[in-house]
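Listed below, chain by chain, are the residues.
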Amino acid sequence: MLLTFAADCDDSIPLRVVDHAALDAALADLSDAGRAWAQAQGFTAALGQVLALPDTQGAIAQVLVGYGTANARARGRFHMGAAAAKLPAGTYKIVAGLAGPDLEEAALGWLLSQYKFDRYAPAKATIAQLIAPEGIDAEKTAIIASAEALTRDLINTPASDMGPQELEDAARALSGEYGAKIAVITGEDLLTQNFPMIHTVGRASRRAPRLLDMRWGETGPLLTLVGKGVCFDTGGLNIKPGASMGLMKKDMGGAATVLGLAQMIMGLGLPVRLRVLIPAVENSIDGDAFRPQDILTSRKGLTVEINNTDAEGRLVLADALTYADEEMPALVISMATLTGAARVAVGPDIAPFYTDSDAAATALGMAATTVADPVWRMPFHTPYETLIEPGVADLDNAPGGGMAGSITAALFLRRFIDSPYIHFDIYGWQPVAAPARPKGGVGMGARAILAALPKLLDL
Ligand code: BES
Ligand code: MN
Ligand code: ZN
C-alpha cells in the first residue's frame, strides 16, 4: 500500500495546530465570529481536539487542531495521526503551529494513519488528505511510510497466504522494484549447503524451509540485516497452548521489519551495500518434526541441545548469522519476534535491543527519540552465558528456570557472530489501536535504525 501526500490544490483547508499555551494568541487571530464559534464549541486546544470554522457560506474556512501540553503529548506519539482520523473530508495544509521534528512526526503520523489492511475486505478509505508540509523532506517521509505499510501488510497476512514461498515472493517483488539481486536456498539444498538448523526447524512443514539472500548496492560499508521469518509458530512438538499460538502468524515480524527497512534504504538510495538474510520456515508438527533432546550441529559447528522446540527462532537465526559473519560485514542487525520475555519486560510499544557497542546504543537511543520510534537497550550480560551451556552440547536452546529469557536468547545469537552486532527482540504487533497504528502488525525499530545509520556506519 502506497502512503503519499496529496497534491497541492486551490481549495485546500488551512490547518492550525494550537499548543495549549498558544490558545489565547490563536483565538486573538480569529475574526470575532470565529472566536465566538471556537468559544461556544469549547475549544481549549486540548490534545487531539478538532474544530472546523465555517466561512460565511457555511463551508469549512479553516481547522484548528489542539496540540495540548508537552506533558499530555508525552503520553503518546503521532497525535496528528489521531487528529487526521477525526477531520471531515478535505485536503489539508498545515499552516501554523509545528516545526522541525514535530512537523516531521505529524506528517509521518498522518500518512501512517491512512494505512489499512484491505486484502480480504474493503476498508473505509481515509477522507482527510494532507498536502506535504513545507520544510520537511516529503519524498523521504512517503518512502518511510510506504515501507512501514509493507511491513504491516506482510505481518497482517495470515500464514495461509504468507508461508515461506509467499515470503520469498515478497522479497523477490521488493528486489525487482529496486534492482536488487536475490538468491534462495530451498529444502534439501539447505542440507547440502550446510544450513542444518534452518532445515531442521522447517522440515516438518509441507511448505519447504528456505534461506532468502538479497543484495543491493555496489559501494559503501556492508550492512547485513537478518530477520526471523517463522511464518507460523505452532511451537513444534512442544506445542503452544491455544492462547499463545493465536498471534503466531506474526512470527515473521522480524523478516517483515527488515524488508521494510531495506525498502527505506533502497528507496532513499543510501550509500551502503545492503544484504538481507531471511530464514523462512514454518515451525510445524509432523512425524518428521525435530524433538526435545535432539542435538543439532549448526553451520558454525557448535552443537545445540534442543530443550524446547518452541525456541526455534534462535536456531534458524544462528545459521543465518554464521553465514552473514563469513564475509565480515561492517554491521549485522538481527530483528526477531524472539521471546515472550521481551514483551513481558518492555511491552508492545518499545523495541528492546542488544549490542556490545556503547556508541551504537547511544546513536540508536538518540535517533529513536527524534523519529518517535522508541527503543531501549538491554544487557548482553556475559555472566549469564552459563545458563545456555547444557553440558552435553555446546549450547542449550531453551534454558530452564525461566530467568532472563530475552537476554539468554540474545546471548545464544551472539555465539554465532564476531562482526559488530545489534540484535532487536521485537513484538511486531499493535495490540490495541493507537494513533497512526491500527491494531495489527507494526514495524518497530526500523525508523530508529534508519535515522541512526549515518552514525552506525560512519556514512
Ligand atoms: N515466537 C516466539 C516468541 C514470542 C511469543 C514472541 C509471543 C512474541 C510473543 C518464540 O519462538 C518462542 O516461542 N519463544 C519461547 C522460548 C522459550 C521456549 C525458551 C518463549 O519466549 O516462550
Ligand atoms: Mn517458538
Ligand atoms: Zn517463534
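The coordinates are above.
In this text the structure is predicted, and so the values were computed from the model without any measurement.

Here is what the cut-offs are and how they apply
Sequence order as written defines residue numbering, which begins from 1 separately in each chain. Here chains are named by letter from A upward and ligands by number from 1 upward, in the order in which they appear as written. Reporting in this predicted model follows two pLDDT cut-offs: at least 70 for local features of residues, and 80 or more for side-chain atom pairs to be given and counted; totals over whole chains, interfaces and linings ignore these cut-offs and use all residues. Side-chain numbers here rest on the full set of heavy atoms in the structure, without hydrogens or water. Any two of the Phe, Tyr and Trp rings considered here, Trp counted by its six-membered ring, make a pair once their centres fall within 6.5 Å; the pair's planes then place it as stacked at under 30 degrees, edge-to-face at over 60, or tilted in between. Any residue under 20% of the maximum accessible area for its type is buried, any over 50% is exposed, and the rest in between are partly exposed; the area is computed with a 1.4 Å probe on protein chains only. Helix and strand definitions follow DSSP, with helices as H or I runs of at least four residues and strands as E runs of at least two, each counted in order from the N terminus. Should the NZ of a Lys or the CZ of an Arg lie within 6 Å of a ring centre and within 35 degrees of the ring normal, that charge is described as sitting over the ring. Metal coordination here is assigned from N, O and S atoms located within 2.8 Å of the ion, or within 3.2 Å for Na, K and Ca; omission of water means that sites may look incomplete. Angle rules define the geometry names used: all angles between 85 and 135 degrees makes four donors tetrahedral, while opposite donors over 155 degrees apart and all other angles between 65 and 115 make four donors square planar and six octahedral, leaving every other case irregular. Note on definitions. A residue lies near a molecule or strand when any single heavy atom of the residue is within 4 Å of it. Here a polar contact is taken to be a pair of N or O atoms separated by no more than 3.5 Å, where protein atoms must pair a possible hydrogen donor with a possible acceptor and residues adjacent in sequence count only if both atoms sit in side chains. Lining residues are those with an atom within 4 Å of a point, where the points come from a 1 Å grid over the protein atoms alone and group into cavities, where a 1.4 Å probe fits but cannot get out, or pockets, open sets with protein on both sides within 12 Å along at least five of seven lines. To qualify as sitting in a cavity or pocket, a molecule needs more than half of its atoms within 2 Å of the grid points. Think of it as three bins: nonpolar holds Ala, Val, Leu, Ile, Met, Phe, Trp, Tyr, Cys and Pro, charged holds Asp, Glu, Lys and Arg, and polar takes everything else, Gly as well.

A.B. asks: Looking at this model, I keep getting lost on the packing of aromatic side chains. Mind explaining?
C.D. replies: Centre-to-centre distance and the angle between the planes together describe a pair of aromatic rings. Scanning the entire structure with this criterion turns up seven aromatic pairs. When the ring of Phe117 is compared with that of Tyr120, the centres are 5.9 Å apart and the planes differ by 55 degrees; the resulting orientation is tilted. Residue classification places Tyr120 among the partly exposed positions, given a relative accessible area of 45%. When the ring of Phe195 is compared with that of Tyr323, the centres are 4.9 Å apart and the planes differ by 80 degrees; the resulting orientation is edge-to-face. Of the two residues, Phe195 sits in the loop between α8 (189-192) and α9 (196-202) while Tyr323 sits in helix α12 (residues 313-325), which places them 128 residues apart along the sequence. Judged on exposure class, the residue Phe195 and its partner Tyr323 are both buried. Clustering of aromatic rings is evident, with ring pairs tying together Tyr354, Phe380 and Tyr421. Just above the ring of Phe195 sits the side chain of Arg299; from NZ or CZ to the centre is 4.3 Å. Across the ring face of Phe380, the terminal group of Arg414 is positioned such that the distance to the ring centre comes to 4.9 Å.

A.B. asks: I'm lost on the coordination of the zinc ion (ligand 3) in this one. Help?
C.D. replies: Octahedral metals with six donors have ideal donor angles of 90 or 180 degrees. Tetrahedral metals with four donors have an ideal donor angle of 109.5 degrees. Taken together, Lys228 (NZ), Asp233 (OD), Asp251 (OD) and Glu312 (OE) make up the full set of protein donors to the zinc ion (ligand 3), lying 2.0 to 2.4 Å away. Classification of the site at the zinc ion (ligand 3) rests on its six donor atoms, whose angles at the metal span 78 to 175 degrees, yielding the label octahedral. Sequence positions of the donors to the zinc ion (ligand 3) reduce to the motif K-x4-D-x17-D-x60-E. Here the manganese ion (ligand 2) and the zinc ion (ligand 3) are spaced 3.1 Å from one another, each receiving a donor from Asp233.

A.B. asks: Teacher, can you tell me more about the site of ligand 1 here?
C.D. replies: Near ligand 1 you find 17 residues, and of these Lys240, Asp251, Asp310, Glu312 and Gly340 are the closest. Lys228 is positioned such that a nitrogen or oxygen atom in its side chain is 3.2 Å from an oxygen atom of ligand 1. The separation between a nitrogen atom of ligand 1 and a polar main-chain atom of Thr337 is 3.3 Å. At a threshold of 2 Å from the grid points, most atoms of ligand 1 map onto the largest pocket. For the shell around ligand 1, a count of residues per class yields five nonpolar, four polar and eight charged.

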